[in-house]
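# Structure at a glance
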Amino acid sequence: SDDWTRFDEEVSWVLTVPAIWGDSAKQFVVEAAVDAGLVKTETQDNIVIALEPEGAALACRDDLLEAARNLSGGDLLSQTLRYMVVDCGGGTVDVTVHDLDRKSMTIAEIHQPTGGAWGGTCVDDKVKKMIEGIIGDEIAKTLTTDDWLEFMRVNVQEAKKNMDGGVEKVLLNLPHTFISAVEDAGGNVAHLFRGIHGMEYSKKKGCIIMKSHVLSECFEEPLRCITDHVVGLLREVGDIQCVLVAGGFAESPLLINHLCSQIDQTKCRVIRPKNPSSAILKGALMYGQNPGRITTRISKYTYGFEVIEDFVEGKHNPDLKIVIDGKEKCDKVFRKIICKGDRVKVGTVKTRKCRRGSDEDIHICFKVVRSDEKHPEYTTDAYLLKDWQVMLSDDPSKDIILQMDFSGTRIHFKTRQEGSTKSKQDVPFDSK
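About the thresholds
Residues numbered from 1 in each chain as written. Predicted model: local features only at pLDDT ≥ 70, side-chain atom pairs only at ≥ 80, totals over all residues. Heavy atoms only, no water. Core = buried A, V, L, I, M, F, W, Y, C linked by side-chain atoms within 4.5 Å. Buried < 20%, exposed > 50% of the residue type's maximum accessible area, 1.4 Å probe, protein only. Helix = DSSP H or I, 4+ residues; strand = E, 2+ residues; numbered from the N terminus. Contact = heavy atoms within 4.5 Å. Pairing = 2+ DSSP bridges. Axes fitted to C-alpha atoms, helices over the stretch in contact; angles between N-to-C directions. Expected span 1.5 Å × (residues − 1). Patch = residues over 30% accessible without salt bridge, like charges linked within 9 Å, V, L, I, M, F, W, Y side chains within 5 Å. Areas by Shrake-Rupley, 256 points an atom, 1.4 Å probe, with all protein chains shown as cover. Salt bridge = Lys/Arg side-chain N within 4 Å of Asp/Glu carboxyl O. Lys, Arg positive; Asp, Glu negative; His and termini not counted. Charge placed at Lys NZ, Arg CZ, Asp CG, Glu CD. 1 Å grid on protein atoms, 1.4 Å probe; cavity = no way out; pocket = protein on both sides within 12 Å on 5 of 7 lines; lining within 4 Å. Points joined across faces, edges and corners; volume = space filled by probe spheres on them. Nonpolar A, V, L, I, M, F, W, Y, C, P; charged D, E, K, R; others polar.

### Some details on the nonpolar core
- Counting residues in hydrophobic clusters, the biggest one holds 58 residues, and the most contacted among them are Met 84 and Ile 226.
- Examining the composition of this core, we find that seven residues originate from one element, helix 11 (residues 220–237), more than from any other.
- Those residues in contact with Ile 226, other than ones at most four positions away along the chain, are Val 86, Cys 88, Val 93, Trp 118, Phe 249, Leu 255 and Leu 259.

This is the structure in structure tokens:
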């Protein structure tokens, strides 16, 4: 309808993603939003991608400053507050380090996002594996994904929030589908759990009574991975005054207690917002309203283009030597634009002029690449982000200007004709 068209054009949509996600994953989220009908292809620029750790930090700036004051015993001496954000979600844990400018209340990233698959679903997976080992593979195969999700939602999610080391037993309610699956196979639930260390089945309550130390074992690996990573980063970066823990998994007292036990609270405070899950959402909206609150990010990759250069003996790889119009050239040279680890100010636009090979050329081919190396020489081991052709004008004196725009959380790549201020083509990265 016309009303929806106006709505679609005027509204910005803020979608959150883990900070450790790359360009292709972010582009996939945008394309999914288009496919879902949230926006049209022509209005997809209305989508704002917010990084989850940045959202948590924006929402908790006052909490961070208060914790830093408590740590110093009064007034803050430094203009900037250095802190770490540990975003503990369901699947992944994102860890970033920021500097908060107390005067402007803006945030600068000083260490590229790191992390791993240590989120709350790690606990779910271990609980599932433990229950499967008791009921057996044949019965487990009859249970659907929805059956397991319901079991986790009713039991494990609540256990994560309530287990704090002082709880002796945890009740795990068995859905009817679980009991039916066992009985249909000719089994008896009570018999299955008889003799299992730390567990018993109560038919009257319809639940498993589990000793808390048994369930705690399912937390051990993700808690160890998170804590080891955080402690290692504290040593590497230094001068970090606070560790802000947010996200759904941050509601677990076991996680917070484990971090506090491994970090000297007299030098660095571990803090958790009142609502760790909603903090990211609140901060993402703040970012959507004013992206300028984030001033600097650290490049996770080296970005550039694949080019062909005149071959120089002793400099270039002889295996990449080619001959074009009788001249020796080196193929697949990595021309860097931004290096891994570079501090990139938000709003940075990098440009490069590309000349046509001859007056007869009607198009130029571009290959945008990235590398995990800081100073790659060739694109042979690089990741191809985009490969496309740009049509040339009839004027052979006009070159193509390439622009790589680092204004937001996504990199926009544009081309324009020399002498023109109008973008000729805005090319998204491939999402595959």
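That covers the picture; the talk isn't over yet.
### Description of the sheet that holds strand 6 (residues 169–173)
- Spatially, the three strands line up as an open sheet ordered 6-8-7, and their pairing is antiparallel. Each edge of the sheet is formed by a strand with only one pairing partner; in this case those strands are strand 6 and strand 7 (199–202). Recorded for the sheet is a direction-independent mean angle of 25° between the axes of neighbouring strands.
- One ladder, built from four bridges, connects strand 7 with strand 8 (residues 207–211); its direction is antiparallel. Residue Glu 200 lies in a different strand from strand 8, and its bridge partner there is Ile 209.

### A word on helix 11
- The terminal C-alpha atoms of helix 11, which comprises 18 residues, lie 26 Å apart, in line with the 26 Å expected from a rise of 1.5 Å per residue.
- The set of residues buried in helix 11 consists of Pro 222, Leu 223, Cys 225, Ile 226, Thr 227, Val 230, Val 231, Leu 233 and Leu 234.
- In the core, the buried residues of helix 11 are packed alongside strand 3 (80–88), strand 4 (93–101), strand 5 (107–116), helix 5 (121–135), strand 9 (242–246) and helix 12 (253–262).
- At the exit of helix 11 stands Gly 238, carrying a positive phi of roughly 80°.

### Some details on a negative patch on the surface
- A cluster of like negative charges, contributed by Asp 372, Glu 373, Glu 377 and Asp 381, occupies part of the molecular surface.
- The residue Glu 377 is located in the loop between strand 17 (363–371) and strand 18 (383–391) in this model.
- The exposure class of Glu 377 is exposed, given its relative accessible area of 52%.

### A word on empty space enclosed by the protein
- Summed over the entire model, instances satisfying the criterion amount to two cavities of 30 Å³ or more.
- Going through the elements one at a time, helix 2 (23–35), strand 5, strand 11 (294–298) and strand 15 (343–345) are the ones with two or more residues in the lining of the largest cavity.
- When the residues that make up the lining of the largest cavity are grouped by side-chain class, the tally is 11 nonpolar, four polar and seven charged.
- Considered as a void within the structure, the second largest cavity measures approximately 70 Å³ in volume.
- Around the second largest cavity, the lining residues are Ile 131, Ile 135, Ile 139, Leu 143, Leu 174, Phe 178, Ile 179, Val 182, Val 189, Leu 192, Phe 193 and Ile 208.
- Elements with a minimum of two residues in the lining of the second largest cavity: helix 5, helix 8 (176–184) and helix 9 (189–193).
- Across the lining of the second largest cavity, the residue classes break down as 12 nonpolar, no polar and no charged.

### What to know about unusual backbone geometry
- Here Asp 325, not a glycine, exhibits a phi torsion of approximately 50°, which is positive.
- If you trace the backbone, Asp 325 turns up in the loop between strand 13 (321–324) and strand 14 (327–338).
- Its identity as a non-glycine residue notwithstanding, Lys 332 has a phi of 60°, on the positive side.
- Examined against the element boundaries, Lys 332 turns out to sit in strand 14.

Treat this as a map of the structure, not an account of what it does.
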